[in-house]
Amino acid sequence: MAPAEEPVAFLGIGTMGHAMATSALRAGIQTIVWNRDPRATRDLADRGAEVAATPSDAARLATIVVTMVTDADVVVSIARDQGMLAALAPGAVWVQMSTIGVAGIERVAALAGAERPDVTLIDAPVSGSKDPAEQGTLTIFASGPDEVRARLDRLFDALGQRTIWVGTVGAGSRLKLAANAWLALEAEAVNTSVALARRLGLETETLMNALGGGPLVSPWQAAKLQRIAQDDFSVQFALSLALKDVHLALEAAGRERFQALAGLAGEWQQVVDNGLGDLDLTVVTQALERKGGVP
């Protein structure tokens with residue numbers, strides 16, 4: 001089967017999985033989708049996706065299967081307990097794109113190696129949130145065997161603007177943790193500076209005008225500042241998921257060594273515990289601004 005003709009199944013149609021499946025459809029890729037709640041797949045079916053009733057049904061229809069879910073437990077449940085791995089054809093490719101950390105990808109690799117050594121596992125978490133996923137401009141941190149890379153070119157070109165191959169399975173997940181630590185600290189710079197300015201009686205626009213166009217503010221931070229100025233905390237990258245990624249980094253590398261990251265995690269956890277985890281990670285600004293600091 002030629003790579004351009006390979007059907008792709010997306011398992012997990014949350015914010016990111018939905019956007020990625022949309023990008024695949026836009027590129028003309030034969031797309032199968034499955035989600036625990038099938039309501040999330042309805043508009044994808046209208047666009048031409050085939051909706052599978054179970055993960056195993058989806059796996060039987062595809063030669064490339066993408067998992068994009070919240071954590072390693074869900075990945076393993078789909079792969080083993082819900083029959084995805086057993087249903088894959090010999091020679092199929094499993095592209096694990098969820099952010100599940102070092103221990104998570106090692107667990108998944110051990111499962112795949114023990115139960116389906118005839119299936120190729122690719123570790124390929126992504127950098128980018130809702131908008132880049134919808135636009136097909138993610139960065140993909142891919143790792144795995146060289147011999148299947150060409151089969152994934154069309155899919156990865158549809159999903160991202162850059163694919164960085166970084167070695168054997170597990171290297172992609174390690175790079176993702178480092179990249180997300182950078183992102184978390186970038187976000188915290190925005191959250192803290194805006195909240196501090198407001199607590200000191202300054203408008204967000206004043207801070208934006210002072211920093212805008214200079215070397216200190218990245219385009220990503222500039223976009224976040226604009227949304228904060230509009231009191232728009234609708235989710236682009238949910239705080240709860242960003243916090244999960246920070247915890248994965250700390251678990252892998254040591255909480256006692258990376259104290260700034262650990263302190264950030266503690267602050268964000270309080271905001272999540274107060275019911276704001278489903279909003280964008282910039283909602284921390286709002287929490288910090290309140291009288292008494294983080295609620």
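Source: prediction; values computed, not measured. (Residues numbered from 1 in each chain as written. Predicted model: local features only at pLDDT ≥ 70, side-chain atom pairs only at ≥ 80, totals over all residues. Heavy atoms only, no water.)

Draft legend 1. Here's a closer look at empty space enclosed by the protein. The tally for this structure, following the rule as stated, stands at 2 cavities of 30 Å³ or more. Here the second largest cavity is characterised by a volume of approximately 30 Å³. As for the second largest cavity, its lining consists of Asn-180, Leu-183, Ala-184, Phe-237, Ala-242, Asp-245, Val-246 and Leu-281. Listing elements by their share of the lining of the second largest cavity, those giving two or more residues are helix H9 (171-199) and helix H12 (239-253). Looking at the lining of the second largest cavity residue by residue, the classes come out as 6 nonpolar, 1 polar and 1 charged. (1 Å grid on protein atoms, 1.4 Å probe; cavity = no way out; pocket = protein on both sides within 12 Å on 5 of 7 lines; lining within 4 Å. Points joined across faces, edges and corners; volume = space filled by probe spheres on them. Helix = DSSP H or I, 4+ residues; strand = E, 2+ residues; numbered from the N terminus. Nonpolar A, V, L, I, M, F, W, Y, C, P; charged D, E, K, R; others polar.)

Draft legend 2. Highlighting the sheet that holds strand S8 (residues 138-142). Within the open sheet, the 3 strands sit side by side as S7-S8-S9. Their pairing is mixed. At either margin of the open sheet sits one strand with a lone partner, and together these are strand S7 (126-127) and strand S9 (160-165). Bridge count for S7 against S8 is 2 bridges, and the pairing is antiparallel. Residue pairing for S8: Val-126 is matched across the bridge by Ile-140. Sheet strands touched by helix H8 (residues 149-159): S8 and S9. Its angle to S9, the strand with the most contacts, is close to 145°. (Pairing = 2+ DSSP bridges. Contact = heavy atoms within 4.5 Å. Axes fitted to C-alpha atoms, helices over the stretch in contact; angles between N-to-C directions.)

Draft legend 3. Just the pattern of salt bridges, in detail. This model, assessed by the stated rule, comprises 14 salt bridges. Note that Asp-37 is salt-bridged to Arg-39, the shortest N-O span being 2.8 Å. Across the pair Asp-280 and Lys-224 runs a salt bridge whose closest N-O atoms are separated by 3.0 Å. With a gap of 56 residues between them, Asp-280 in the loop between helix H13 (259-276) and helix H14 (283-289) and Lys-224 in helix H11 (residues 219-229) connect regions that are remote in the sequence. Of the two residues examined, Asp-280 and Lys-224, each falls in the buried class. Here the salt bridges do not stand alone but share partners, grouping Arg-198, Asp-231 and Glu-289 into one network. (Salt bridge = Lys/Arg side-chain N within 4 Å of Asp/Glu carboxyl O. Buried < 20%, exposed > 50% of the residue type's maximum accessible area, 1.4 Å probe, protein only.)

Draft legend 4. Fine view of the nonpolar core. Counting residues in hydrophobic clusters, the biggest one holds 36 residues, and the most contacted among them are Leu-239, Val-246, Trp-268, Val-271 and Leu-281. Contributing elements (two or more residues each) for this core: H9, helix H10 (204-211), H11, H12, H13 and H14. Look past the residues within four positions of Trp-268 in its chain and what remains in contact with it is Ala-184, Ala-187, Glu-188, Asn-191, Leu-239, Ala-242, Leu-243, Val-246, Leu-281 and Val-284. One finds Val-8, Met-16, Met-20 and Val-126 within the second-largest nonpolar core, a separate group that totals 32 residues. (Core = buried A, V, L, I, M, F, W, Y, C linked by side-chain atoms within 4.5 Å.)

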